[in-house]
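Remarks on the overall topology
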Amino acid sequence: MRTQVGIVGAGPAGLVLSHLLHRRGIDSVVLESRTREYVQERVRAGVLEQNTVDLLTEIGVGERLRREGLVHHGIELRFQKRGHRIDFHELTGGKAITIYAQAEVVKDLIEARLAANGTIVFEASDVSLHNFDNAQPSIRFRQNGDAVELACDLIAGCDGFHGVCRPSIPQPALAAYERVYPFAWLGILAEAPPSSGELVYSYHDRGFALLSMRTQQLSRLYLQCTPAEDIENWPDERIWKELHTRLAREGWKLTEGPIVQRSIAGMRSFVVEPMQYGRLFLAGDAAHIVPPTGAKGLNLAVADVCILANAITEFYRSGNRGLLDKYSETCLRRVWKVQRFSWWMTSILHRFDADNGFDRRRQLAELDYVTSSRAAALSLAENYVGLPMEIPHPGT
Ligand code: APR
Ligand code: PHB
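Below, the structure is looked at part by part. (Residues numbered from 1 in each chain as written. Chains lettered and ligands numbered in written order. Predicted model: local features only at pLDDT ≥ 70, side-chain atom pairs only at ≥ 80, totals over all residues. Heavy atoms only, no water.)

**Quick word on the packing of helix H11 (residues 327–349) against helix H13 (residues 374–385)**
For clarity, the cut-off: Between N-to-C directions, angles cover 0 to 180 degrees, with each direction set by a line fitted to C-alpha atoms, over the stretch in contact for helices. Each helix is a run of H or I in the DSSP string that is no shorter than four residues. Each strand is a run of E no shorter than two, and both are numbered from the N terminus. Oblique is the label for any angle not covered by the other classes, which are roughly parallel (under 35 degrees), roughly antiparallel (over 145) and roughly perpendicular (65 to 115). Handedness of a crossing follows from how the near helix is turned relative to the far one, being left-handed for an anticlockwise turn of less than a right angle and right-handed for a clockwise one. We call two residues contacting when some pair of their heavy atoms lies within 4.5 Å. Just so you know the grouping, Ala, Val, Leu, Ile, Met, Phe, Trp, Tyr, Cys and Pro go in nonpolar, Asp, Glu, Lys and Arg go in charged, and all remaining residues, Gly too, go in polar.
Contact pair H11 / H13: the axes reach a minimum separation of 11 Å and the direction vectors enclose 120°. In terms of orientation, H11 lies oblique with respect to H13. The interaxial crossing formed by H11 with H13 has left-handed handedness. Residue-level inspection shows Arg340, Phe341, Trp344 and Met345 of H11 in contact with H13, the latter providing Leu380, Asn383 and Tyr384. Here the residues of the contact of H11 with H13 are counted per class, giving five nonpolar, one polar and one charged.

So this is what it looks like as structure tokens:
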């Protein structure tokens, strides 16, 4: 097989990149280890920044998102049983977020790729990268048991945190920066109408809780737990009891419903530098991980591939590698600002067992400040709805 850009991973990063390249007349092949059904059903994040909504709309996959997505103009921070709304609309001049499950984004992108005769190889196994430190990179894999070699000009590593691309880079060439948090999130999907019209982030002595949603009939809720928690120790009654306690607010009640999905996910901040090596370019979770508190994972993946698609387009149009050579540097400016915000949201909202009374009062003061100072609220709002995209153009 031969293509211009070999893409490993059919998550948001790989699929958005493939479709962006297609719209610019650049051919790609996406290799995905899982089945189409699996990647379309995976329960992941659900908050899209305005930039992401605008991009998906621009590339022609925004129709169902516009119909079914829930547009929110603010969030609530809750502490000491009181709620404080951060008004994105007022603070950011009308910017909003949209609630739309990542799995739905992936479904829409796969449909668009296949409708455009794009090539996505599902259940590709034993993927390995070759010669990406020179001008003849290739990707080997097995399809239905047959060994295949995909020759390409460039490789995009969009295969997530546990993928094969980052580890394929000689480790001395990379520097990894990581913070693992001393807690995890227990997440549930419940068939219950969301008890709040907007997201509720709640700070509580017993630990953090988050009320989110997927549709008007499907609630998405999370609660902080220990990293080694066994989901078997969390029967429905215990989950709901904790959520009622941690989300309690005067004059408000949490609506329960059948829990249809539950999982526990650890939390870390992670960045690898640089995000490129020779003709291999890492994007999305393959290069960085953020704690979910800031709802940034998907949005940062999309931002990376917007920058990468632009650089690849310049490479093919003019032979100029300038933007490709600066890909990592350009992405990392945004990556680290998003890491900072995600770390900050995590640090003010979670209970850290190593903290003492001073730390807890400091957290409450931070929450009091961000809900009483316009400057502080604006800082949260402009990061949450998404910092402006800074995509360099040729010659910059
Ligand atoms: N070969 C082929 N495909 C692979 C391999 C491999 N060796 N390893 C992983 N993959 C696939 C995974 O099955 C997955 O479909 O790569 C894809 C990576 O997708 P994501 O993990 O969704 O990563 P990304 O596209 O960067 O999107 C980041 O996804 O995990 C969430 O919270 C994260 O919201 C963020 C978003
Ligand atoms: C979600 O709806 O899954 C969600 C929302 C906000 C977050 C994290 C997850 O910060």
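**Considering the sheet that holds strand E1 (residues 5–8)**
Inclusion rule: Each pair of strands is called paired provided DSSP finds at least two bridges between the two strands.
An order of E8-E2-E1-E12-E19-E18 is seen for the six strands of this open sheet, with the pairing classed as mixed. The open sheet terminates on both sides in strands that have one partner only, identified here as strand E8 (119–121) and strand E18 (276–277). The sheet contacts of helix H1 (residues 12–23) involve E1, strand E2 (28–31), E8 and strand E12 (154–157), and relative to E1 the element is tilted by about 160°.

**Observations regarding the site of ligand 1**
Our working definition: Distances are taken per atom, and a residue is near a molecule or strand as soon as one of its heavy atoms is within 4 Å of it. Pairing of N or O atoms within 3.5 Å defines a polar contact, subject to two protein rules: one partner must be a possible hydrogen donor and the other a possible acceptor, and residues neighboring in sequence count only if both atoms are side-chain atoms. To measure how exposed things are, a 1.4 Å probe is used in the Shrake-Rupley method; for residues, cover is taken only from the protein chains shown.
Not every one of the 25 residues close to ligand 1 is listed here, only the nearest: Glu32, Arg42, Arg44, Gln102 and Asp285. Gln102 is positioned with one of its side-chain polar atoms (N or O) 2.7 Å from an oxygen atom of ligand 1. Against a free-state accessible area of 700 Å², the protein chains account for coverage of 86% of ligand 1. Going through the elements one at a time, H1 and helix H9 (297–318) are the ones with two or more residues in the shell around ligand 1. Broken down by element, the shell around ligand 1 gets its largest block of residues, three residues, from H9. A breakdown of the residues in the shell around ligand 1 according to their chemical character gives eleven nonpolar, eight polar and six charged.

**Some points on the nonpolar core**
Across soluble globular proteins, nonpolar side chains show a tendency to be buried alongside one another. For clarity, the threshold we go by: As used in this record, nonpolar core signifies buried Ala, Val, Leu, Ile, Met, Phe, Trp, Tyr and Cys residues forming a set joined through side-chain atoms within 4.5 Å. To sort residues, take the accessible area from a 1.4 Å probe on protein chains only and compare it with the maximum for the residue type: under 20% means buried, over 50% means exposed, and anything in between is partly exposed.
By size, the foremost hydrophobic cluster in this structure holds 78 residues, and its most contacted members are Leu17, Leu56, Leu129 and Ile139. Among the elements that line this core, the one with the most residues is H9, at twelve residues. If we ignore the near neighbours within four places in the chain, the residues touching Leu129 are Val8, Ser138, Ile139, Ile155, Cys165, Ser168 and Leu280.

Scope: geometric values only; no functional claims are made or implied.
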